[in-house]
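# Descriptive analysis of the structure
In case you want the letters, here they are:
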Amino acid sequence: MKKILVIVVLFVSFWANAQSDQLANNYFDRGEFEKALVLYEDLSKTDQGNFNYFQRVIECYQQLQQFDKAEKALENRIDKYKQSNLLVELGFNYQLQKDQEKANKYYNQAIDKIKKNASEVFGIAYVFERKTLIDYALLAYKTALEKDPKLPVNFQMATLYGMQGNTDLMIDMYLQEAFQNPQNLPLIQNQLSRFMTEEVDASFNDSLKKALLLRAQKTQDVFWNDFLSWLFIQQKEYGKAFIQQKAIYKRNPDSFANIVSLGQMAIEDNDQDSANEILNFVLENTKDLELLIQSHSYLIEMRIDHATEKDYPAITAELDALIKEFGVSPYTLSLLKLQADFNAFHLNNAEKAKAILKSAMEMPINKYQLAELKMELADIYLFEEKFNQALIYYSQIDEDMSGDVVGQEASLKTAKTSYFKTDFEWASHQLKVLKSASSQLIANDALDLFLLISDNTVEDSLQVALKKFARADFLLYQNKKKEALAAFQLILKEHKGEDIEPVTLLRIGKIYEKMGDFANALANYDAIITKHKDCIYIDEALYFSAEIYNNQLKDVEKAKLLYEEMLTKHEDSIYYVDSRNKYRKLRGDTNL
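Please read these numbers as outputs of a predicted model, since none were measured by experiment.

### As for the overall build of the protein chain
For the protein chain, the count of helices and strands is 32 helices and zero strands. The C-alpha atoms of the protein chain give a radius of gyration of 31 Å, which is well past the 25 Å a tight globule of 592 residues would have. Projected onto the principal axes, the alpha-carbon positions of the protein chain cover approximately 85 × 60 × 60 Å. Looking at the 592 residues of the protein chain, the share that counts as buried comes to 48%.

Dropping the structure here:
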């Protein structure tokens, strides 16, 4: 019975402390320091070893300008616990009273503690940093390194140099830490990428590149080539990244996986020249079956994406030859999927496409490979307007791969199928969930489609224009560009001035762009820019126009003007970073 009573008393005490803690924090956050102080003092007496409560008591004293009480409490705790970091707190208490001489006295006493015991640096430097005393925090680390040069403080010092604005020293310390502790490389690259995307210091990328090149030349260690490759990838300079990967390959001929991935990234960013160069290098220099098939798949997929009907016979022959060369097996699934997709969406032979996929599904494959084949099969059923069959396969994938990106992709395609069927209510319900998907690409696509439906339902409750738009979108999905173009143009004519107009112009512009008719593409994008300045599609119209002038028409000045408008007016756009990098390049900046 006594044990039960003890447990009950302890539980009630713990619950009361938790309630007091929450209430004290609420008072403190609202600036009601007198009320917070009463609670923190009680909590600190109850749990004297809890430094957080003591710290809050001191902060309340200081906010209430009760500096004498703060000083006395700090001195008592120093006497009792011998905590060297409290010397910084005591100094800061004088700094708040504008007595810098006494503040420095205690700060220097804290530094002296580090001279005697280097391990004291972590607690002392932390308090200096928390009080934004960056110079003293750096002095603390430097003092510790004089005592023990092996102390792991590079990362902390690099961060402080960054806060100080000394980017060269920050880079030096981060690179030193990355080389000594490669397991921290992702964290360091994440820190560096934050500076690379800021406008405040346009020379940062140049400084980082120079620092990496110097190390690569000095040490000849492939670590630095790989780091340089990462830097160029961030700047979407895939050709330069490839030079570094080739340097790695010369010293390690088995390092092809990164090169293939680089080729894929170049394709995704529409850098066809770099992608061709990279993937053909792989084909010429490896006998690895998986890498050969992967590279061939990427190259032929890129050809298909930019093909016209006159190219179809050659692509058909190439696919047939590759499958004959490498055989039908789980290794060649990527080629078989491409063959099926090409037959359905380009040659209009859905039956052959389904036969290829169903045959592949009978092979000994894992659940991810099976999901990929089912996804392609569902896409083809959707192409044939067999909506129910498509939904069955998408639902199976969603269930089998729940929580995986593949499952989320199937869920998005389920929503799109509902949209194509003009079941907008059910599509919106699914898209609401997908807006917070773990995959940013899927989340963005879900948000775009959700906004399209909601924006064109407000003024048109019968969704007349939206139904026509969904049908035109479906024709586009079926790769029927001419029919889709005609359908979108009819929407423009019949629903001129309605909310559907700007997104229709965007779709028409994209179709013309894919057909190689850049003049008409630009005309439709310009109609958005000039007539629909407040619509949510204007950043896309600006970016797509800039890309045409930059990549297709080679009109640098017009491209620069459009990229510049993106930078000054659309900082929240997903195309902002790419626009900034390309604008700098066209402007002739050296820090690329």
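### What about helix 32 (residues 576-587)?
Between its first and last C-alpha, helix 32 extends 16 Å over 12 residues, near the 16 Å set by a 1.5 Å rise per residue. Those residues of helix 32 lying buried are Y576, D578, S579, R580, N581, K582, Y583 and R584. Its buried side turned inward, helix 32 meets helix 11 (185-196), helix 12 (204-219), helix 13 (222-234), helix 30 (538-552) and helix 31 (556-569). Where helix 32 terminates, the next one or two residues include G588, which has phi positive at roughly 95 degrees.

### Points about the nonpolar core
Y419, L431, L452, I453, F469 and F488 are the most contacted members of the largest nonpolar core, which has 103 residues in total. Here this core gets nine residues from one element, more than from any other, and that element is helix 21 (residues 367-383). With 92 residues, the next largest nonpolar core counts A125, V127, F128 and A241 among its residues.

### Let's talk about the pattern of salt bridges
Two side chains carrying opposite charge are able to pair once their charged atoms lie near each other. Within the structure shown, the criterion is met by 28 salt bridges. Across the pair K585 and E237 runs a salt bridge, and its minimum N-O distance is 3.7 Å. Taken together, the residues span a long stretch of sequence, with K585 in helix 32 and E237 in the loop between helix 13 and helix 14 (238-251) at a distance of 348 residues. The partner of E494 in a salt bridge is K468, with the nearest N and O atoms 2.6 Å apart. In this pair, E494 sits in helix 27 (residues 481-494) while K468 sits in helix 26 (residues 464-477), placing the two residues 26 residues apart along the sequence.

### Some details on the packing of helix 28 (residues 501-514) against helix 29 (residues 518-531)
Packing of helix 28 against helix 29 brings their axes to within 7 Å, and their N-to-C directions diverge by 165 degrees. Classified by the angle their axes make, helix 28 and helix 29 are roughly antiparallel. For the element pair helix 28 and helix 29, the recorded crossing hand is left-handed. Only F518, N520, A521, N524, Y525, A527 and I528 of helix 29 make contact with helix 28, whose side of the interface consists of P502, L505, L506, I508, G509, K510, Y512 and E513. Partitioned by chemical class, the residues of the contact of helix 28 with helix 29 number 10 nonpolar, three polar and two charged.

### Brief notes about the environment of L139
Position of L139 among the secondary structure elements: in helix 8 (residues 134-147). Classification of L139 by relative accessible area gives partly exposed; the value is 36%. For the pair L139 and I111, spaced 28 residues apart in sequence, the C-alpha to C-alpha distance is 7.8 Å.

### Topic: the confidence of the model for the protein chain
Of all residues in the protein chain, 95% attain a pLDDT of 70 or more, and the chain-wide mean is 92. Contacts for the low-pLDDT stretch residues 1-16, under 50 throughout, to residues beyond four places or in other chains number zero contacts.

### Quick look at the packing of helix 27 against helix 28
Packing of helix 27 against helix 28 leaves a shortest axis separation of 10 Å and a crossing angle of 155 degrees. In terms of orientation, helix 27 lies roughly antiparallel with respect to helix 28. Crossing hand, helix 27 versus helix 28: left-handed. On the side of helix 27, the interface is formed by K481, A484, L485, F488, Q489, I491 and L492, while helix 28 contributes E501, T504, L505, R507, I508, I511, Y512 and K514. Per-class residue counts for the contact of helix 27 with helix 28 are nine nonpolar, two polar and four charged.

### A short note on the packing of aromatic side chains
Across all of its chains, the model carries 34 aromatic pairs by this definition. The interplanar angle of 70 degrees and the centroid separation of 5.5 Å between the aromatic rings of Y107 and F128 together place this pair among those described as edge-to-face. Of the two residues, Y107 sits in helix 6 (residues 100-116) while F128 sits in helix 7 (residues 121-130), which places them 21 residues apart along the sequence. Just as Y107 is buried, F128 falls in that class too. Chaining the aromatic ring pairs together yields one cluster made of F345, F383, F387, Y419, F420, F424, F474 and Y477. Across from the ring centre of F450, 4.1 Å away, lies the NZ or CZ of K435, which sits over that ring.

Reading guide: rules and limits
Residues numbered from 1 in each chain as written. Predicted model: local features only at pLDDT ≥ 70, side-chain atom pairs only at ≥ 80, totals over all residues. Heavy atoms only, no water. Helix = DSSP H or I, 4+ residues; strand = E, 2+ residues; numbered from the N terminus. Rg over C-alpha atoms; globule rule 2.2 N^0.38 Å. Buried < 20%, exposed > 50% of the residue type's maximum accessible area, 1.4 Å probe, protein only. Expected span 1.5 Å × (residues − 1). Contact = heavy atoms within 4.5 Å. Core = buried A, V, L, I, M, F, W, Y, C linked by side-chain atoms within 4.5 Å. Salt bridge = Lys/Arg side-chain N within 4 Å of Asp/Glu carboxyl O. Axes fitted to C-alpha atoms, helices over the stretch in contact; angles between N-to-C directions. Parallel < 35°, antiparallel > 145°, perpendicular 65-115°, else oblique. Left-handed = near helix turned anticlockwise from the far one by under 90°. Nonpolar A, V, L, I, M, F, W, Y, C, P; charged D, E, K, R; others polar. pLDDT = per-residue confidence, 0-100. Phe/Tyr/Trp six-rings, centres within 6.5 Å; stacked < 30°, edge-to-face > 60°. Lys NZ or Arg CZ within 6 Å of the ring centre and 35° of its normal.

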